[in-house]
Structures are given as structure tokens and as C-alpha cells.
Amino acid sequence: MDLQRVFVKINLETVALTILEDIHMRKLKVGVIGCGNISSIYFQAGQKFEIFDIVACADLDLERAKACAEQFNIPKAYTTEELLGDEEIQLVINLTIPNSHADIHLRALEAGKHTYGEKPLAVELEDGRRILSLAKEKGLLVGSAPDTFLGGGIQTCRKLIDDGWIGEPIAATAFMMYHGPEKFHPNPDFLYQRGAGPMFDMGPYYLTALVNLMGPVRRVTGAARMTFEERMVRTEHQYGRKFPVETPTHITGILEFENGAIGTMITSFDVWGTCVPHIEIHGTTGSLIVPDPNHFGGSVYIKRQEFTDFVEVPLTHGFTENSRGLGVMDMAHAILHGGAHRANGELAYHVLEIMHGFHIASDEGRHYVVESSCHKPEPLPMNIPKNGLSG
Ligand SMILES: NC(=O)c1ccc[n+]([C@@H]2O[C@H](COP(=O)([O-])OP(=O)(O)OC[C@H]3O[C@@H](n4cnc5c(N)ncnc54)[C@H](O)[C@@H]3O)[C@@H](O)[C@H]2O)c1
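About the thresholds
- Residues numbered from 1 in each chain as written.
- Predicted model: local features only at pLDDT ≥ 70, side-chain atom pairs only at ≥ 80, totals over all residues.
- Heavy atoms only, no water.
- Domains from an automatic or database assignment.
- Contact = heavy atoms within 4.5 Å.
- Buried area = accessible area lost by both parts, 1.4 Å probe.
- Salt bridge = Lys/Arg side-chain N within 4 Å of Asp/Glu carboxyl O.
- Helix = DSSP H or I, 4+ residues; strand = E, 2+ residues; numbered from the N terminus.
- Pairing = 2+ DSSP bridges.
- Axes fitted to C-alpha atoms, helices over the stretch in contact; angles between N-to-C directions.
- Phe/Tyr/Trp six-rings, centres within 6.5 Å; stacked < 30°, edge-to-face > 60°.
- Buried < 20%, exposed > 50% of the residue type's maximum accessible area, 1.4 Å probe, protein only.

**Q** Just give me the short version of the domain arrangement of the chain, but keep the residues and values in it.
**A** What the domain assignment reports for the chain is domain 1 (3–144) and domain 2 (150–318 + 343–369). Measuring from the centre of the C-alpha atoms in domain 1 to the corresponding centre in domain 2 gives 29 Å. Each side of the interface is counted separately: domain 1 has 18 residues, and domain 2 has 21 residues. Counting the surface lost from both domain 1 and domain 2, the interface buries some 1,600 Å², and carbon and sulfur atoms represent 63% of this. Counting the surface domain 1 buries against domain 2, the share from its top three residues, K119, V123 and L125, is 33%. Joining domain 1 to domain 2, the criterion identifies 2 salt bridges. When the shortest N-O distance is used, the salt bridge between E124 and R194 registers 2.7 Å. Sorting elements by how many residues they give to the side of domain 1 that touches domain 2 places helix α6 (residues 125–138) first, with 4 residues.

Here it is, written out as C-alpha cells:
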């Protein structure tokens with residue numbers, strides 16, 4: 001082969017490879033709105049997962065967006081309007097505060113973009129319904145954190161339950177109690193407003209894990225109280241600044257699952273210390289200790305009827321480190337290849353309704369019948385590579 005023919009052959013191979021890459025390695029173009037505390041892990045997810053690329057970020061405070069763009073090598077720092085007007089962006093990751101979630105989701109959908117947001121889906125149920133119905137009308141997908149239930153810890157628990165290791169699930173407990181996020185969050189005010197508090201802030205992790213393990217909920221009741229009328233910032237920057245509390249800070253709930261199992265739940269920002277476990281699932285032939293649903297990994301323990309004590313179970317699934325963005329990866333795969341994604345809007349709306357249900361039941365002294373339902377998300381495959389499913 002002479003030199004010219006070698007050159008042509010190499011060039012043709014390069015072109016063929018590029019075409020093949022384009023077919024097999026499609027990437028979704030993503031824009032992030034909200035460049036605060038939680039955003040850095042999502043920017044890292046954009047670098048880790050191959051199936052999506054974060055091409056722009058925006059914030060009410062443009063300087064924050066510019067700083068994130070610089071730090072994480074994001075090509076464009078925008079205002080929200082500019083980001084929503086960028087035709088290249090197919091999916092918006094909404095990392096604003098809860099009171100802005102619905103507005104940004106709805107505007108993203110109106111702009112023809114899929115949308116995935118931090119929890120909760122919205123503050124008000126009516127807004128949650130509007131988001132789901134607009135997405136349906138536009139043929140777009142809605143996704144929502146938490147995606148921690150896709151991590152190795154809870155996926156292992158799901159496999160144990162599905163494979164019958166504890167028999168038929170009959171009861172669950174879920175406890176999230178500490179003295180509030182003001183000791184680590186630099187801007188904690190929003191965490192004590194309507195749409196936050198311990199139930200709306202932390203409840204989504206626990207309830208999403210429970211629905212993933214036990215299925216949907218048909219009825220709840222609850223009791224809620226607000227213990228302290230104001231809180232104080234405890235981080236360095238604004239240490240000592242007091243701010244008002246506008247939402248219940250200790251909520252106890254009882255859940256009746258569609259499968260007949262009964263759950264007991266407490267979320268609290270009022271408690272100084274506790275030794276209770278995060279989540280336990282009890283079945284007809286065994287009990288399961290589920291790791292902290294605010295994390296992706298953790299230890300799983302099982303005690304079957306014939307065991308004398310709990311034994312630790314090796315994790316069956318990966319993604320045990322902080323893998324926020326895993327839900328976006330799964331959603332991007334559904335957008336590019338079709339099929340359902342797991343951290344989806346129906347699940348997030350069902351969780352939102354349960355949380356409202358506890359508060360309504362407490363205010364009105366009654367049971368609350370949950371109108372919505374959802375599919376139990378499919379388990380995640382066990383062998384997904386570290387950089388996620390490909391496009
Ligand atoms: N901080 C955490 O540890 C953590 C963990 C998990 C989930 N979350 C969730 O992530 C979300 C954001 O929390 P955070 O801690 O990053 O809050 P934050 O206050 O640190 O950041 C929110 C950012 O969104 C911007 N923003 C607010 N409204 C906006 C709007 N309408 N348009 C554009 N930008 C807007 C703010 O300027 C700010 O930069 C919340 O829903 C929270 O529940 C936070």
C-alpha cells in the first residue's frame with residue numbers, strides 16, 4: 001500500500017469511528033438552574049456520567065453562575081431566561097430552593113425542555129399536578145431527586161426483599177431526627193419555611209426509599225408540632241443571626257401501604273440526640289436494617305427467623321459513594337432510548353402528597369386518603385459501569 005492509500009484508509013476509519021461514536025454515544029445537553037450549596041455534586045456528575053453534558057448554568061445571582069462555570073469548566077453562564085431560551089439545551093436540572101421548584105419546572109417545560117429537580121417536586125400539590133400535566137401535554141419527562149434510592153445500599157435491600165429473604169413485608173419504621181440544618185447550612189432560612197421543615201426537606205429520602213421497597217401508600221395519619229418559634233444561624237458567615245420558623249418541626253406519621261403493610265415515621269429538627277435506626281423493614285420471615293436513605297451506600301443487615309442475630313449482607317449494586325445525578329443519568333437514558341426512568345415525577349408527586357397528608361391529618365384530626373399512586377420503580381441493573389449507561 002502506498003503512503004497516499006494508507007492516509008485515505010486512516011481518514012476513512014476516523015470518519016467511520018466518529019459516525020459510530022455519534023450513533024452509540026449520544027449525549028444529552030443539560031443546563032443547571034440554581035448554583036448554590038448542592039450544585040457542585042451535580043456539576044461533578046456532569047463530568048462523571050457520559051450520557052449527559054452540562055453546557056450551561058444559571059442563577060438569580062449571575063456572579064454565582066459565573067463562578068460555577070469557571071470552577072467546573074461549564075461553557076456558558078446565563079440568566080435563567082437566557083438558559084431557557086438556549087435551543088441546544090434539552091434538559092434542565094432545577095437546583096433552586098423549594099419555593100422556586102414549580103416555577104422553574106413549568107418554565108422549563110414551556111420552553112420545550114425535559115426537567116429534573118431537587119426535592120421536593122413542588123411545595124403545593126396543585127403545582128405538582130400542573131407540572132405533571134404540562135409534561136404530559138408537551139410529551140416531555142419530569143424527574144425529581146432524591147435518587148439516593150438508586151444507590152448500592154437501598155438497591156441491595158430491594159433485591160433482598162424481591163428475592164424473598166424477609167418473606168412478605170408487613171411493617172416499616174423510618175426515623176430522621178436531629179436538631180436542624182442551621183448548624184451546617186449557610187442559608188438555612190428556607191429550610192424553616194412552608195415546603196421545607198424536616199418532613200418536606202428530609203422526608204423525600206425516607207418516603208422515596210419506602211415506596212421503592214414497599215410500594216405505594218393508600219392512607220396516612222399524623223401529628224405535627226412547631227417547638228421553637230425562631231432559630232439561629234450557627235455557621236461562621238452569619239453566626240448568631242436569628243430567623244423565624246414558619247413550619248412544623250416535629251412530625252410523626254403512620255402509613256398504610258397498598259400491600260397492607262404499616263409504616264411508622266418521625267422527622268424532626270427538634271431532637272438533640274437519638275439512637276433509633278434510619279429505616280427498618282420487617283417481613284413475615286425476617287427483618288432488614290436499611291442504611292441512611294440520604295446516602296447512596298451504607299451497611300445492610302438482615303435477621304431471618306432462623307438467625308440468632310443480624311448479619312451484614314454484602315452490597316449487590318454499585319454507586320455507593322455520593323452519586324447525586326444518578327437519577328439524571330437514568331432519565332437521560334430514557335430520553336435517548338425510550339422506556340421509564342426511576343426517579344420520576346409520578347413517584348415524586350406521590351411522595352409530596354404523602355407529606356402533605358401527614359400535615360393535613362394532623363391539622364384536621366383525621367386519616368388522609370392518598371389519591372395518587374405510582375409504579376414501584378424497576379430495580380437498577382447490577383452491573384452499570386461507574387460512568388453510567390451510555391447514550
Ligand atoms: N444543601 C444540601 O445539602 C442539599 C442536599 C440535598 C438537596 N438539597 C436541595 O437542593 C435545593 C437547593 O438547595 P441548596 O442547599 O443548594 O440551596 P442554596 O440556597 O444554597 O442555593 C439555591 C440557589 O438557587 C438560586 N435560586 C433560587 N431561586 C431561583 C430562581 N427562581 N431562579 C434561579 N435561581 C434561583 C439561589 O440564588 C441559590 O444560588 C433545595 O431544594 C434543597 O432541598 C440541598
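**Q** Tell me what's going on with the sheet that holds strand β17 (residues 368–369), and back it up with residues and numbers.
**A** Reading across from one edge, β16-β15-β14-β13-β7-β12-β11-β8-β17 is the order of the 9 strands in this open sheet, with mixed pairing throughout. Strands with a single pairing partner mark the edges of an open sheet, and in this sheet they are β16 (311–313) and β17. Relative to strand β13 (residues 279–283), strand β7 (residues 169–177) runs antiparallel, the two being bridged by 5 bridges. Each bridged residue has a counterpart across the sheet, and for A174 the counterpart in β13 is I279. Across the sheet, helix α7 (residues 152–162) lies against β7, β13, β14 (286–290), β15 (300–304) and β16, angled at about 170° from β14, the strand it touches most. Relative to β7, helix α8 (residues 197–214) is tilted by about 160°, and along the sheet it contacts β7, β11 (250–257), β12 (262–268), β13 and β14.

**Q** Pulling in residues and values, what's your account of the packing of aromatic side chains?
**A** Enumeration according to the criterion identifies 6 aromatic pairs in this entry. Between F43 and F72, the ring centres sit 5.1 Å apart and the planes meet at 20°, which makes this aromatic pair stacked. Linking F43 in helix α2 (residues 39–48) with F72 in helix α3 (residues 62–72), this pair joins segments that are 29 residues apart in sequence. No difference in accessibility class separates F43 from F72, as the two residues are buried. With 5.6 Å between their ring centres and 85° between their planes, Y178 and F269 make a pair best called edge-to-face. You can see Y178 sitting in the loop between β7 and α8 and its partner F269 sitting in the loop between β12 and β13, a full 91 residues away along the chain. Here the aromatic residues Y178, Y192, F243 and F269 are joined through ring pairs into a cluster of three or more.

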